[in-house]
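# Fold and contact review
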Amino acid sequence: MVVAPAHSAATLEILAGLPAHRRETFQLRYELWWPDLHDAVTTIYQEPDVVVSRLVEVAARGFAQRPPELHRLDELRLLRPDWFQRPDMFGYACYVDRYGDTLTGLGQRLDHLADLGVTYLHLMPLLATRPGDNDGGYAVMDYRSVRPDLGTNEDLSALARTLRERDISLVVDLVVNHVAREHEWAEKARSGDHKFRDYFLIYPDRSTPDSFERTLPEVFPDFAPGSFTFDDHMGEWVWTTFNEWQWDLNWANPNVLLEFADIVMHLANLGVEVLRLDAIAFLWKRLGTNCQNQPEVHAITQALRATARLAAPAVLFKAEAIVGPRDLMPYLGLGQHTGRVSDIAYHNSLMVQVWSMLATGSTALARHVLASLPPTPPSGTWVTYVRSHDDIGWAIDDGDATALGLTGAGHRHFLAEWYSGAFDGSWAEGLVFQYNEKTDDRRISGTAAALTGLGPSRLDPDGAFARIFLTHAVISVWGGIPVVWSGDELGSPGDAEWAAEPRHGDDNRWVHRPRITDEDRARRLIAGTDEQRVFDGIARIARVRAGLPMLHAEAPVDLPTDFDDGLLVVRRRHPSGTLVALFNMTAEHRPFPYSHVLDLGIEHPREVLAQHDLMADEFGSVWMPPYAAWWII
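No experiment lies behind these values; they were computed from the predicted model shown.

Quick notes on the rules
Residues numbered from 1 in each chain as written. Predicted model: local features only at pLDDT ≥ 70, side-chain atom pairs only at ≥ 80, totals over all residues. Heavy atoms only, no water. Helix = DSSP H or I, 4+ residues; strand = E, 2+ residues; numbered from the N terminus. Rg over C-alpha atoms; globule rule 2.2 N^0.38 Å. Buried < 20%, exposed > 50% of the residue type's maximum accessible area, 1.4 Å probe, protein only. Contact = heavy atoms within 4.5 Å. Lys, Arg positive; Asp, Glu negative; His and termini not counted. Charge placed at Lys NZ, Arg CZ, Asp CG, Glu CD. Pairing = 2+ DSSP bridges. Right-handed = clockwise from strand over helix to strand, strands pointing away. Core = buried A, V, L, I, M, F, W, Y, C linked by side-chain atoms within 4.5 Å. Expected span 1.5 Å × (residues − 1). Polar contact = N/O pair within 3.5 Å; in protein donor to acceptor, adjacent residues only side chain to side chain. Salt bridge = Lys/Arg side-chain N within 4 Å of Asp/Glu carboxyl O. Phe/Tyr/Trp six-rings, centres within 6.5 Å; stacked < 30°, edge-to-face > 60°.

## What to know about the overall build of the protein chain
- The helix and strand inventory of the protein chain stands at 23 helices and 25 strands.
- At 25 Å, the protein chain has a C-alpha radius of gyration in line with the 26 Å of a compact globule built from 633 residues.
- For the protein chain, the spread of C-alpha atoms along the three principal axes comes to 80 × 55 × 50 Å.
- Counting all 633 residues of the protein chain, 60% fall into the buried class.
- Nonlocal contacts in the protein chain, meaning residues at least 24 apart in sequence, comprise 71% of its contacts between residues at least 6 apart.
- Side chains of the protein chain give 57 positive and 87 negative charges; the mean places of these two sets differ by 4 Å.

Structure, rendered in structure tokens:
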């Protein structure tokens, strides 16, 4: 058994002014999580004992400054560690200014979210960003201040308190791969401060950048080609994976880890309950690789998580790793990192496969890909989603495609054609984002409505409503936290004026980031409107889900495969009972043998989304309408 060493003098001094029961609480957490912290730091840094000691001091300061109501939240979360895995978790994501103008304004418009069933609210980047272009808020200039146009730190803390009172957990972005060129660290690096130069990856000439770029993919080939930028002031090259004004951080320097541990404490003490670790896949650079998903990324996450556990165990980490299926599971923890890294990760593969099934009417590829993923660790779960604030990249693995008689490149090309509306018969009206002529990579922008037939031209409104409910029923029956992206709950076709806003004209992702006004929210109360039909349908899915214990994340996901290729069958087995979900991914009626429902473990089947009994025909089959979604218990 590994025994945690005695605290440093600095840590003892920080804790000295706390009541005895607080000191005892910190000590117990220290003994519990010190091995996780030490193991992680040892794998990536020299002098690990020094780094660990300093991280414990950071945690002790955060613990000592933590408000009483948040200490109580920590105790509640420790008593109910599965709180985020329960079926009543239902998410929503939005930009503060595009939903309620300010943090205060958003807090005054929570009834809309409560009616939808939201218990998990992800607010897109809200920390102070660089002036001008800022990648939608992901070029952070100050991690300790809220954007002035949105409010203040006090406003954020007040909103978090209001959300807790309504049983809604606050989720905030923490950009970990890079900072804005105007960040204080970058400014000091440019001025020649050697301490802060080592926070970044700076090279005197092109020799090293050229060596790396032989294997680096371009993230934004249209408007930010390459991964390095020449800085005129320094006369040197800086690593900039995303944009020239976003400087990648050097996580091989332990001082960067210490800085972010302190930032985590700051945000946790404002009341943030989940931190979305943005662009986490890119943290570690290794020559000869694509510099994504390197093993050190998971050790860094483990070190940050263990530090946070000492001070604020109510805080969870969510990995924003939009990667292929082969690289996905380590972000929830495999091997030595099982249960020790991120608590939540994006299920990018599920999102891609949902759209693939809709376009092809075939579930074979999805069943092959999704069934091959190992189960999530008991302490972790997914965020599942139909789309996000970002573009949709067609992460189809070449090996998976070959196994189904396809080519990866060909299928990716087809999906881009279908969802941009270029393929004959498509009902989608997406926009092509970042076309790379060398690779034929084309990502797609668009709201759920625009990609299902309820776009500006309303190419197939009747089919679109069914497809919208179908896609949201799939993500809501899967293991994890389903998240609805702002505008999709109202069937928004997208922002027709997206290009007219300053600095948005060259980034068509703003088409699927529409402003949601009070008038929009009011229209969902008017019978027969698109807004009412879509909102009520998704809200019903959330309500039914909340009452089904078999949708707890601990219930394994099983994909029976011996069925009609147009049907996706999902089974969730739990001590409380079994749920079988049937999804018709085609535009035709499809039969499903009634006896198979019984064979899958349902003795007296009843469909609960629409509340109807299953009626078999004279041949013993039940017939599913086009794009139907049935949850059977």
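Now that the structure is up, let's keep going.
## A look at the pairing of strand 11 (residues 274–278)
- Across the 5 residues that make up strand 11, a large majority, 5, are buried.
- A two-sided burial pattern is seen for strand 11, the buried positions comprising V274, R276 and D278 on one face and L275 and L277 on the other.
- Pairing between strand 5 (residues 169–175) and strand 11: 5 bridges, direction parallel. Among the inter-strand pairings, D173 is bridged to a residue of strand 11, identified as R276.
- Bridge analysis of strand 11 against strand 12 (residues 316–319) gives 4 bridges, and the strand direction is parallel. Directly across from L277, in strand 12, lies its bridge partner A319.
- Crossover strand 11 to strand 12 through helix 13 (residues 295–311) is right-handed.

## Regarding the environment of S342
- By the element assignment, S342 lies in the loop between helix 14 (325–328) and strand 13 (344–346).
- Each C-alpha atom of the pair S342 and Y99 lies 28 Å from the other, and the pair is 243 residues apart in sequence.
- Once you skip the residues sitting within four places of it in the chain, S342 turns out to touch L277, T301, F317, K318, A319, Y331 and L332.

## With respect to the nonpolar core
- Core analysis: the biggest nonpolar cluster contains 192 residues, and W251, F260, Y419, F583 and W631 have the highest contact counts within it.
- No other element matches the 10 residues that helix 12 (residues 254–269) contributes to this core.
- Once you skip the residues sitting within four places of it in the chain, Y419 turns out to touch W355, L358, A359, W394, W427, A428, E429, G430, I444 and L451.
- Ranked by size, the runner-up nonpolar core spans 15 residues in total, among them V580, F592, I602 and M624.

## Some remarks on the sheet that holds strand 8 (residues 228–231)
- If you walk across this open sheet you meet the 3 strands as 7-9-8, and the pairing is antiparallel. Either end of the sheet is taken by a strand with one partner, and the two such strands are strand 7 (202–203) and strand 8.
- In this structure, strand 7 lies alongside strand 9 (residues 236–239), joined through 2 bridges in antiparallel fashion. Directly across from Y203, in strand 9, lies its bridge partner W237.

## Observations regarding helix 12
- With 16 residues, helix 12 extends 23 Å from end C-alpha to end C-alpha; this agrees with the ideal 22 Å at 1.5 Å per step.
- When helix 12 is considered as a whole, its buried residues turn out to be V256, L257, L258, F260, A261, I263, V264, M265, H266, L267, A268 and N269.
- Near the N-terminus of helix 12, the side chain that reaches the backbone nitrogen of N255, with its oxygen 2.9 Å away, is that of N253.
- Two residues or fewer past helix 12, G271 is found with a positive phi of approximately 110°.

## Thoughts on unusual backbone geometry
- We note that N293 has phi near 60°; this positive angle belongs to a residue other than glycine.
- Within the secondary structure, N293 sits in the loop between strand 11 and helix 13.
- Residue class for N293 comes out buried when judged on its relative accessible area of 18%.
- Although it is not a glycine, R503 adopts a positive phi angle of roughly 70°.

## Let's talk about the pattern of salt bridges
- The full count for this structure, using the stated rule, is 49 salt bridges.
- Two residues, R181 and E182, come together in a salt bridge whose shortest N-O distance is 3.8 Å.
- Each of R98, D495, E501 and R515 takes part in one network of salt bridges that share partners.

## Side note on the environment of L270
- Looking at the element boundaries, L270 is found in the loop between helix 12 and strand 11.
- When sequence neighbours within four positions are dropped, the list of residues in contact with L270 reads N153, L156, S157 and A160.

## Brief notes about the packing of aromatic side chains
- Inspection of the entire model under this criterion finds 27 aromatic pairs.
- With a centroid separation of 5.2 Å and 55° between ring planes, the pair formed by F26 and F63 is classed as tilted. Here F26, found in helix 2 (residues 20–44), pairs with F63, found in helix 3 (residues 48–65); they are 37 residues apart in sequence, far enough to count as distant. An identical accessibility class is assigned to F26 and F63; each is buried.
- Considering the side-chain rings of Y346 and Y385, the 5.5 Å spacing of their centres and the 90° angle between planes classify their relative orientation as edge-to-face.

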